[in-house]
Amino acid sequence: MVEINYERLETINGGAINGTLINAFARGVNSLLELGRSLGSAIRRAMDGKICPV
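Being a predicted model, the structure only gives us computed values, none of them experimental.

What counts as what
- Residues numbered from 1 in each chain as written.
- Predicted model: local features only at pLDDT ≥ 70, side-chain atom pairs only at ≥ 80, totals over all residues.
- Heavy atoms only, no water.
- Helix = DSSP H or I, 4+ residues; strand = E, 2+ residues; numbered from the N terminus.
- Rg over C-alpha atoms; globule rule 2.2 N^0.38 Å.
- Buried < 20%, exposed > 50% of the residue type's maximum accessible area, 1.4 Å probe, protein only.
- Areas by Shrake-Rupley, 256 points an atom, 1.4 Å probe, with all protein chains shown as cover.
- Lys, Arg positive; Asp, Glu negative; His and termini not counted.
- Charge placed at Lys NZ, Arg CZ, Asp CG, Glu CD.
- Patch = residues over 30% accessible without salt bridge, like charges linked within 9 Å, V, L, I, M, F, W, Y side chains within 5 Å.
- Salt bridge = Lys/Arg side-chain N within 4 Å of Asp/Glu carboxyl O.
- Polar contact = N/O pair within 3.5 Å; in protein donor to acceptor, adjacent residues only side chain to side chain.
- Expected span 1.5 Å × (residues − 1).

Can you walk me through the overall build of the chain in this structure?
Along the backbone of the chain there are two helices and zero strands. Here the C-alpha radius of gyration of the chain, 25 Å, is well above what a compact globule of 54 residues would show, namely 10 Å. Considering the chain as a whole, with its 54 residues, one finds that 0% of them fall into the buried category. When the accessible surface of the chain is totalled, it reaches about 5,500 Å², and 61% of it is carbon and sulfur. Distance between charge centres in the chain, computed from 6 positive and 5 negative side chains, equals 25 Å.

This is the structure we're talking about:
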């Protein structure tokens, strides 16, 4: 294993995109798509008059 001295250690840049960030982004996009489907379905049912009375 190579030892890195303090001067070289300061030049290392980190913070790459990891799996957790990608997963959170994918879940957010999926939630937006589901919201759009629900809203579109509700609008379509309202226009067709197929809403169940409560």
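Mind showing me how you'd approach the environment of Thr20 here?
Mapped onto the elements, Thr20 comes out in helix H2 (residues 19-48). Residue classification places Thr20 among the exposed residues on the basis of a relative accessible area of 62%. Along the sequence, Thr20 and Asn5 sit 15 residues apart, while their C-alpha atoms lie 31 Å from each other.

Could you clarify how one ought to interpret a nonpolar patch on the surface in this entry?
Together, Val2, Ile4, Tyr6, Leu9 and Ile12 make up an exposed nonpolar region whose accessible area comes to about 550 Å². With respect to the secondary-structure elements, Tyr6 resides in helix H1 (residues 6-9). Look at Tyr6 and you get exposed, because its relative accessible area is 58%.

Explanation requested: the environment of Asn5 in the structure shown.
Inspection of the secondary structure assignment puts Asn5 in the segment before H1. At 3.1 Å, the side chain of Asn5 and the backbone nitrogen of Arg8 are in polar contact.

Looking at this structure, I do not really get the pattern of salt bridges. What am I missing?
A side chain with one charge may pair with a side chain of the opposite charge, provided their charged atoms come close. In total, this model carries one salt bridge according to the counting rule given. Taking the shortest distance from any N to any O, the salt bridge between Arg37 and Glu34 comes out at 2.7 Å. In this pair, Arg37 and Glu34 are both assigned in helix H2, three residues apart and thus about one turn of the helix distant. Assessed through its relative accessible area of 41%, Glu34 is described here as partly exposed.

Looking at this structure, I do not really get H2. What am I missing?
Because the α-helix completes a turn every 3.6 residues, residues three or four places apart line up on one side. The terminal C-alpha atoms of H2 lie 43 Å apart, and with 30 residues this matches the ideal 44 Å at 1.5 Å per residue to within 8%. Phi turns positive, to about 75 degrees, at Gly49, one or two residues after H2.

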